[in-house]
Amino acid sequence: MKKVSLYGIFFCVLIFSACQKELTGNVNTARQYTVRITFQPAVNSQALAIGETYQNDLGEDYTVTAFRFYAAYPSLKNNNAALNVTNEKKYRLVDAGISSSVSFTITTADSVFNGLSFQVGVDSIDNVSGAQSGDLDPGKGMFWTWNSGYVMAKLEGTSSFSSMPANEFTYHVGGFSGVNNSIRIIALSTQQVKLNTGHTTDIIVQADINKWFSGVHALKISDNAFVHSPGALAKQYADNYATMFSIAEIVSE
Amino acid sequence: MKRSILYILSLLFAGLFAVESCKKQDGGSGAPTPLTFTVPDGFPAPVYTFENNTPTEQGFQLGKKLFYDGRLSKDGNFPCASCHQQFAAFATLDHPLSHGFDNQFTTRNAPGLFNIAWMKTLHWDGGINHIEVQPLAPLEATNEMAETIDNVIAKLKADATYRQMFKAAFGEGEIDSQRMLKALAQFVAMIVSNDSKYDRVKKGQATFTIAEESGYKIFQAKCASCHTEPLFTDDSFRNTGLALDDVLKDYGRMRITGDPADSLKFKVPSLRNVFATFPYGHDGRFYSVGAVIDHYRSSVINSATTDPLVKNKIPISDYEKLDLLSFLETLTDSTLINNTRFAANE
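The structure displayed is predicted, hence computed values, not measured ones.

A. Here's a closer look at the overall build of chain A. Counting its secondary structure elements, chain A contains four helices and 16 strands. Out of the 253 residues in chain A, the part that is buried amounts to 48%. Contacts spanning at least 24 positions in sequence make up 75% of the contacts within chain A whose residues lie at least 6 apart. Split by element, the accessible area of chain A, about 11,900 Å² in all, is 51% carbon and sulfur.

See below:
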């Protein structure tokens, strides 16, 4: 009996305090350090130029017309201990064609790190919860309308090796559940970095497109000019692009 | 026992308290009018519970306007309602495949729209996992409405009536696809069919004729494992042994899962209002309910995925067929078909 009513009180308190929090403003806490993460689309450590012709490691020429991916949960680590990071938005749609989309800042109360991690893809729950907004707005062209779910990453372009009309290739990689899961966690180690208050520290993360074709699995454009659904092939592309990220530079001014 | 009741009560109390303590000050005149979604007696709990999309009269009216508005399609001619007609329980009457943009046809038969809130997945292959994202499929399909989301949103933003209706339903803030989709879901999910003669018999307000009663018995014995009451579907995917159409090459559920075990499986359709929604089958190949019954009794094709329940055909005599048809006719819900609440506003 007594136990039961205690539960009730516990819930009231819990909920009441949740509402309270909403009312009180931002409490000014201790030091805050700002880190800006910038994704730099690249081919072999050269910044990607849309429309330029490149060669992949399988000897095939290609040009890129679109390159996008969802980045989520950026976090900093110090010897595997996660720093306390504040990040405004859960998902960022990084789009090589929109310069404002490749950079974002996070803040942290801790000052030393030697690793960066993030997720490429949209959590399973956000694939099955109906209409979303912001970077997850289906109008962004990253949602499969006939087989509900987000495209986690997309690479489109042309290659003389493509058997598709107009020599196009279109890799739309997605799949969020069970065996088709294409969500990938990226963990990169960095030098030991000490953050300073009042200064933004920049982490430049390169995303090497060549890795889409040969990061782990050799995937020739001549064999597969497109992926448009979840499945084994999509997962191979996800394995490949999971290796495309590297730290190019860390600048603390 | 007593203990758990008290526990639930205390939770309820906590909930009420939370609602009270969280209420914003600004209530009053501008707030939309809440709508309740009533689960009919005997129906299971719905799948769609309007989570993060509390239904309101304003949201419903906005959804209805969108449903009937041709501007959601590229050339203005193909609103949702062009393929989902109320007199056909929101299916496309008399067309195996529906007309869409630029004289093209859909590749599947448009199902009736009712009791959608109880479906785990939508479309014949279950490719759509949530009612709110369903409209994106016809909107963007080049053989249906052939529009882009951005274009539709731009058209809505440019219209003063829509600006006012979106505000009334969702408050301040931009018109975006999320709000549009939520409004459409409020309309579509509210379409409930539960007032057929069958329902009235169940409630003791009407009685079956002898033929209907006999048909009901046959139905329960031979059909109900898949077309399960009260929704008349168990929401599963099954291969009923239809021949693959050489042109459409539609493998159904396998298209979504990529699993050969799902080859030629399609969602079990509800048989409510079946007499209003002809033609029948995922590609509309059957021109009468009788023809579907003939399929079950004589032309089931056996393949690796054909359902065990129909593998050996379903034995149905000519008399039984007539009784079955009489029973299925009792599933027509004329209250739904004539309900002006779901009809276009003039």
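B. Quick peek at the state of the cysteines. Counting across every chain of the model gives zero disulfides over all chains. The structure places no disulfide on B:Cys80, whose sulfur is separated from the nearest cysteine sulfur, that of B:Cys83, by 8.8 Å.

C. Up close: the nonpolar core. With 117 residues, the main nonpolar core has A:Phe39, A:Phe69, A:Trp212, A:Phe245, B:Leu66, B:Leu156 and B:Met180 as its most contacted residues. With nine residues, the single largest contributor to this core is helix α7 (residues 177–190) of chain B. For A:Phe39, the contacting residues outside a window of four places in its chain are A:Phe69, A:Ala71, A:Val94, A:Val102, A:Phe104, A:Phe118, A:Val205 and A:Phe245. Core analysis: the second largest hydrophobic core is formed by 27 residues, B:Val201, B:Ile218, B:Ala224 and B:Val292 among them.

D. Geometry of the packing of aromatic side chains. Residues and elements named next belong to chain B. If you walk through the whole model with that rule in mind, you get 43 aromatic pairs over all chains. With a centroid separation of 5.2 Å and 75 degrees between ring planes, the pair formed by Phe 43 and Trp 118 is classed as edge-to-face. In this pair, Phe 43 is assigned in the loop between α1 (2–22) and α2 (57–67) and Trp 118 in the loop between α3 (80–83) and α4 (136–140), connecting sequence segments 75 residues apart. Residue class for Phe 43 comes out buried when judged on its relative accessible area of 9%.

E. Representation of helix α11 (residues 289–299) of chain B. By the burial criterion, the buried members of α11(B) are B:Val289, B:Gly290, B:Val292, B:Ile293, B:His295 and B:Tyr296. Taken together, the buried residues of α11(B) touch α12 (308–311) and α13 (318–329) of chain B.

F. The arrangement of the pairing of strand β7 (residues 91–95) of chain A in detail. Residues and elements named next belong to chain A. The buried count for β7 comes to five of five residues, which makes it a mostly enclosed element. Residues of β7 alternate between two faces, with Tyr 91, Leu 93 and Asp 95 on one and Arg 92 and Val 94 on the opposite face, all of them buried. Sheet analysis places strand β4 (residues 61–78) next to β7, joined by five bridges and oriented antiparallel. Note that in β7 the partner of Arg 68 across the bridge is Asp 95.

G. Quick look at the side chain of A:Arg92. All names here are of chain A. On the secondary structure map, Arg 92 appears in strand β7. Despite its burial, Arg 92 remains without a salt bridge, the nearest opposite charge being carried by Glu 88 at 5.8 Å. Within polar-contact distance, the side chain of Arg 92 engages the side chain of Asn 87 at 2.8 Å. Ignoring any residue separated from it by four or fewer positions in sequence, one finds Arg 92 in contact with Phe 69, Tyr 70, Ala 71, Asn 87, Phe 104, Thr 105 and Asp 135.

H. Representation of the domain arrangement of chain B. Residue and element names in this part refer to chain B. Along its sequence, chain B is organised into domain 1 (57–193) and domain 2 (197–335). Measuring from the centre of the C-alpha atoms in domain 1 to the corresponding centre in domain 2 gives 27 Å. Every contact between the two is made by 27 residues of domain 1 and, on the other side, 26 residues of domain 2. In terms of surface lost to domain 2, no three residues of domain 1 exceed Trp 124, Asp 125 and Ser 193, which account for 29% of the buried area on that side. For the interface between domain 1 and domain 2, the tally reads three salt bridges. A salt bridge links Arg 108 to Asp 250, with the shortest nitrogen-to-oxygen separation between them at 2.6 Å. At the surface where domain 1 touches domain 2, the tally comes to 13 residue pairs in polar contact (both at pLDDT 80 or more). In terms of residue class, the side of domain 1 that touches domain 2 is built from 13 nonpolar, ten polar and four charged.

I. Broad picture of unusual backbone geometry. Residues and elements named next belong to chain B. Of note, the bond from Glu 229 into Pro 230 is cis; its omega dihedral lies within 30 degrees of zero at 0 degrees. Within the element layout of this structure, Pro 230 appears in the loop between α9 (210–222) and β1 (237–238). The linkage connecting Phe 278 with the following residue, Pro 279, adopts the cis geometry, with an omega of 0 degrees. On the secondary structure map, Pro 279 appears in the loop between β2 (266–267) and α11. The residue Phe 90 is not glycine, and still its phi comes out positive at about 70 degrees. With respect to the element layout, Phe 90 can be found in the loop between α3 and α4. In this structure, Asn 115 takes a positive phi of about 55 degrees despite not being glycine.

J. How the structure looks around the pattern of salt bridges. What the rule picks out here adds up to 31 salt bridges over all chains. Salt-bridge contacts for A:Asp202 lead to A:Arg36; the nearest nitrogen and oxygen are separated by 2.8 Å. Residue A:Asp202 is found in strand β14 (residues 200–208), and its partner A:Arg36 is found in strand β1 (residues 33–43); the two are separated by 166 residues along the sequence. Overall, the relative accessible area of 13% leaves A:Asp202 in the buried class. Relative accessible area serves as the criterion here: at 33%, A:Arg36 is assigned to the partly exposed category. With a shortest N-O distance of 3.9 Å, B:Lys120 and B:Asp235 are connected by a salt bridge. Placement of B:Lys120 in the loop between α3 and α4 and of B:Asp235 in the loop between α9 and β1 is noted, with a sequence separation of 115 residues between them. With a relative accessible area of 12%, B:Asp235 lands in the buried category. Each member of the salt-bridge network shares a partner with another, and the members are B:Arg108, B:Asp125, B:Asp250 and B:Arg255.

Rules behind the numbers
- Here the residue numbers are simple positions, counted from 1 along each chain's written sequence.
- Key to labels: chains lettered from A, ligands numbered from 1, both in the order written.
- Totals for whole chains, interfaces and linings use every residue, but because this is a predicted model, local features are given only for residues with pLDDT of at least 70 and side-chain atom pairs only at 80 or more, for both listing and counting.
- Note: side-chain values were computed over all heavy atoms of the structure, leaving out hydrogens and water.
- Note on conventions: DSSP H or I runs of at least 4 residues are helices, E runs of at least 2 residues are strands, and numbering of each starts at the N terminus.
- A simple rule labels every residue: compare its accessible area, found with a 1.4 Å probe on the protein chains alone, to the largest value its type can have, and call it buried under 20%, exposed over 50%, or partly exposed in between.
- Contact criterion: two residues are considered in contact whenever any of their non-hydrogen atoms come within 4.5 Å of each other.
- Every accessible area reported is derived by Shrake-Rupley at a probe size of 1.4 Å, with residue values counting cover from the shown protein chains alone.
- Any two cysteine sulfur atoms lying within 2.5 Å of each other are counted as a disulfide.
- Here, nonpolar core means buried Ala, Val, Leu, Ile, Met, Phe, Trp, Tyr and Cys residues that are tied together by side-chain atoms lying within 4.5 Å of each other.
- Pairing of aromatic rings covers Phe, Tyr and the six-membered ring of Trp, with a centre-to-centre limit of 6.5 Å; geometry is then stacked below 30 degrees between planes, edge-to-face above 60, and tilted otherwise.
- Only strands that DSSP links by at least two bridges are regarded as paired with each other.
- We treat Lys and Arg as the positive residues and Asp and Glu as the negative residues; His and chain ends play no part in the count.
- Salt bridge criterion: a side-chain nitrogen from Lys or Arg within 4 Å of a carboxyl oxygen from Asp or Glu.
- Identification of polar contacts relies on pairs of N or O atoms within 3.5 Å, with a donor-acceptor requirement for protein atoms, meaning one able to donate a hydrogen and the other able to accept it, and with residues adjacent in sequence counted only if both atoms are side-chain atoms.
- For the purposes of this description, domain bounds are those given by an automatic or database domain assignment.
- Here's the idea: put two parts together, see how much 1.4 Å probe accessible area each one loses, and the total over both is what we call buried area.
- Classification used: nonpolar for Ala, Val, Leu, Ile, Met, Phe, Trp, Tyr, Cys and Pro, charged for Asp, Glu, Lys and Arg, polar for all others including Gly.

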